[in-house]
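Understanding the architecture of this molecule
Below are the chains, spelled out letter by letter.
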Amino acid sequence: IISRLYPMTVYNHPSATEHPLTWGFIHAGLILVESVALAVFWNYLERIRTRSDSILELTGEGIVELDPNGYIIFANRSMARMTGYAPSDLVGRRINSLLRNADGTPPDCRFDPTFTKGNGGSCICDDMELVNRDGSALPVDLSCNPVSKPNVGVGTVMTLKDDTERRKQKEALRENEERLRQMAENIEEVFWMSSPEKDRMIYISPAYESIWDRTCKSLYDRPFSWVDSIYPD
């Protein structure tokens, strides 16, 4: 068919002119091989795309893509679950309308592509809150990276992780540390914590100053100076 419709592409040298049928089959064979190779390559790309889409949709972290102005152009299912919106409802929203600081103030973390690209290519923001559709807030940590796409320009891909459990642990640790501090600063006995090598003081209870009659600072500066107050015998 090719040899009849476009003879100049097949019969373009003496051998092809002398043996038109043979060279027609050769040309057809080459086209067949090329078609099979393209079909295999297309199938390979489709499998990669399907796998990538599955990872984006099934991951437990919220993933959104922003245009250069900070508007959402893609949101995965986890992001929809975290906000209470459908993915299609999130598209077109400005990301700033969904984020705030832990104290309720507007987000001060900069994740625009111009800033992230000039700041080493990424940003990490802790102690943020994601505002849900019903007005409630979900503690999140987020990271973002600039990305370039044709016809879009430099945008941002943002990953948001539910930080509820970590903040509960952080608060529990803070409460335990406060209890220890209250206990240490109100008992009459002296105790201190030092490094394993005993060459650095980590904490000294305030009672040291009344019992040793020396400042805690002096012991921080010279960890073995407490020995100076001990009688040799």
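Just so we're clear, the structure is a prediction, and the values are computed from it rather than from any experiment. (Residues numbered from 1 in each chain as written. Predicted model: local features only at pLDDT ≥ 70, side-chain atom pairs only at ≥ 80, totals over all residues. Heavy atoms only, no water.)

Before going further, it helps to spend a moment on the environment of Met79. Within the element layout of this structure, Met79 appears in helix H4 (residues 77-83). Owing to a relative accessible area of 0%, Met79 belongs among the buried residues under this scheme. Separated by eleven residues in the primary sequence, Met79 and Leu90 have C-alpha atoms spaced 8.8 Å apart. Apart from the residues lying within four places of it in its own chain, the contact partners of Met79 are Gly62, Ile63, Val64, Leu90, Ile95, Leu98, Leu130 and Leu160. (Helix = DSSP H or I, 4+ residues; strand = E, 2+ residues; numbered from the N terminus. Buried < 20%, exposed > 50% of the residue type's maximum accessible area, 1.4 Å probe, protein only. Contact = heavy atoms within 4.5 Å.)

Here we take up the pairing of strand E2 (residues 72-75). For a regular strand, side chains alternate in direction, first toward one face of the sheet and then toward the other. Direction of pairing for strand E1 (residues 62-66) relative to E2: antiparallel, over a ladder of three bridges. Paired with Leu66 across the two strands is Ile72, which belongs to E2. What sits between E1 and E2 in their antiparallel hairpin is a turn of five residues, with Gly70 showing a positive phi close to 85 degrees. (Pairing = 2+ DSSP bridges.)

Moving on: the pattern of salt bridges. Under the defined criterion, the tally for this structure stands at 14 salt bridges. As a salt-bridge pair, Asp127 and Arg166 come within 3.7 Å of each other at their nearest N and O atoms. Within this pair, whereas Asp127 is found in strand E4 (residues 123-131), its partner Arg166 is found in helix H7 (residues 164-184), the two being separated by 39 residues in sequence. Look at Arg166 and you get partly exposed, because its relative accessible area is 35%. Here Arg167 and Asp163 are joined by a salt bridge, their closest N and O atoms 2.8 Å apart. You can call Asp163 buried: its relative accessible area is 5%. Salt bridges here are not isolated pairs; linked through shared partners, they connect Asp127, Asp141, Asp163, Arg166, Arg167 and Lys170. (Salt bridge = Lys/Arg side-chain N within 4 Å of Asp/Glu carboxyl O.)

What follows deals with the packing of aromatic side chains. Ring pairs (aromatic) are described by centroid distance and by the angle formed between their planes. Evaluated as defined, the whole model comprises five aromatic pairs. With centroids separated by 5.9 Å and ring planes inclined at 40 degrees, the aromatic side chains of Phe191 and Tyr203 adopt a geometry described as tilted. In this pair, Phe191 sits in the loop between H7 and strand E7 (192-194) while Tyr203 sits in strand E8 (residues 201-204), placing the two residues twelve residues apart along the sequence. Residue class for Phe191 comes out partly exposed when judged on its relative accessible area of 24%. By way of ring pairs, the aromatic residues Trp192, Tyr208, Trp212 and Trp226 are connected into one cluster. (Phe/Tyr/Trp six-rings, centres within 6.5 Å; stacked < 30°, edge-to-face > 60°.)

A surface patch of nonpolar side chains, amounting to about 350 Å² of accessible area, comprises Leu180, Met183, Met193 and Ile202. Examined against the element boundaries, Ile202 turns out to sit in strand E8. (Patch = residues over 30% accessible without salt bridge, like charges linked within 9 Å, V, L, I, M, F, W, Y side chains within 5 Å. Areas by Shrake-Rupley, 256 points an atom, 1.4 Å probe, with all protein chains shown as cover.)

As a further point, take the confidence of the model for the protein. In the predicted model, the protein carries a mean pLDDT of 78, and 73% of its residues have values of at least 70. Model confidence for the protein, summarised as mean pLDDT per element, is weakest for helix H1 (residues 2-5) at 50 and strongest for helix H9 (residues 216-221) at 92. (pLDDT = per-residue confidence, 0-100.)

Right, let's get into the environment of Arg200. Among the secondary structure elements, Arg200 is positioned in the loop between E7 and E8. Owing to a relative accessible area of 49%, Arg200 belongs among the partly exposed residues under this scheme. In sequence terms Arg200 and Asp221 are 21 residues apart; their C-alpha atoms lie 8.4 Å from each other. Sequence-distant contacts of Arg200, that is, excluding residues within four places in its chain, are made with Ser194, Ser195 and Pro223.

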